[in-house]
Amino acid sequence: MTGKYYTTADIKNLFGWASTTTVQTKRDSGFLPAPDLKGRPNKWLKPKIDAILNAPNTTHTNDAI
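Values in this document were obtained by computation on a predicted structure and should not be read as measured data.

Cut-offs applied
Residues numbered from 1 in each chain as written. Predicted model: local features only at pLDDT ≥ 70, side-chain atom pairs only at ≥ 80, totals over all residues. Heavy atoms only, no water. Helix = DSSP H or I, 4+ residues; strand = E, 2+ residues; numbered from the N terminus. Buried < 20%, exposed > 50% of the residue type's maximum accessible area, 1.4 Å probe, protein only. Lys, Arg positive; Asp, Glu negative; His and termini not counted. Salt bridge = Lys/Arg side-chain N within 4 Å of Asp/Glu carboxyl O. Contact = heavy atoms within 4.5 Å. Phe/Tyr/Trp six-rings, centres within 6.5 Å; stacked < 30°, edge-to-face > 60°.

### Here's the deal with the side chain of lysine 43
Here lysine 43 is to be found in the loop between α2 (20-29) and β2 (44-45). For the buried lysine 43, which has no salt bridge, the nearest side chain bearing the opposite charge is aspartate 10, at an N-O separation of 6.9 Å. Ignoring anything within four residues of it in the chain, the contact list for lysine 43 reads Tyr5, Tyr6, Thr7, Pro35, Asp36 and Leu37.

Next comes the structure, spelled out in structure tokens:
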């Protein structure tokens, strides 16, 4: 995972989600922010996602909705 963005595939891997539908559900619920590049719906800035991963008391892995 190089570069300054995470892709949808990276997000699924980081959080342990098997489905792209889970990514969309997490966006709809407000857990994930909207992607950062207009016209590229699968690019999130790494610092935003890293902040979620490093937040205390966050349960984020394998928590399918």
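### Section: the packing of aromatic side chains
Going through the model one piece at a time under the given rule, you end up with three aromatic pairs. Considering the side-chain rings of phenylalanine 15 and tryptophan 17, the 4.6 Å spacing of their centres and the 15 degrees angle between planes classify their relative orientation as stacked. Exposure class is identical for phenylalanine 15 and tryptophan 17. Each is buried. A ring pair is formed by phenylalanine 15 and phenylalanine 31, whose centres lie 5.8 Å apart and whose planes are at 75 degrees; its orientation type is edge-to-face. Of the two residues, phenylalanine 15 sits in helix α1 (residues 8-15) while phenylalanine 31 sits in the loop between α2 and β2, which places them 16 residues apart along the sequence.

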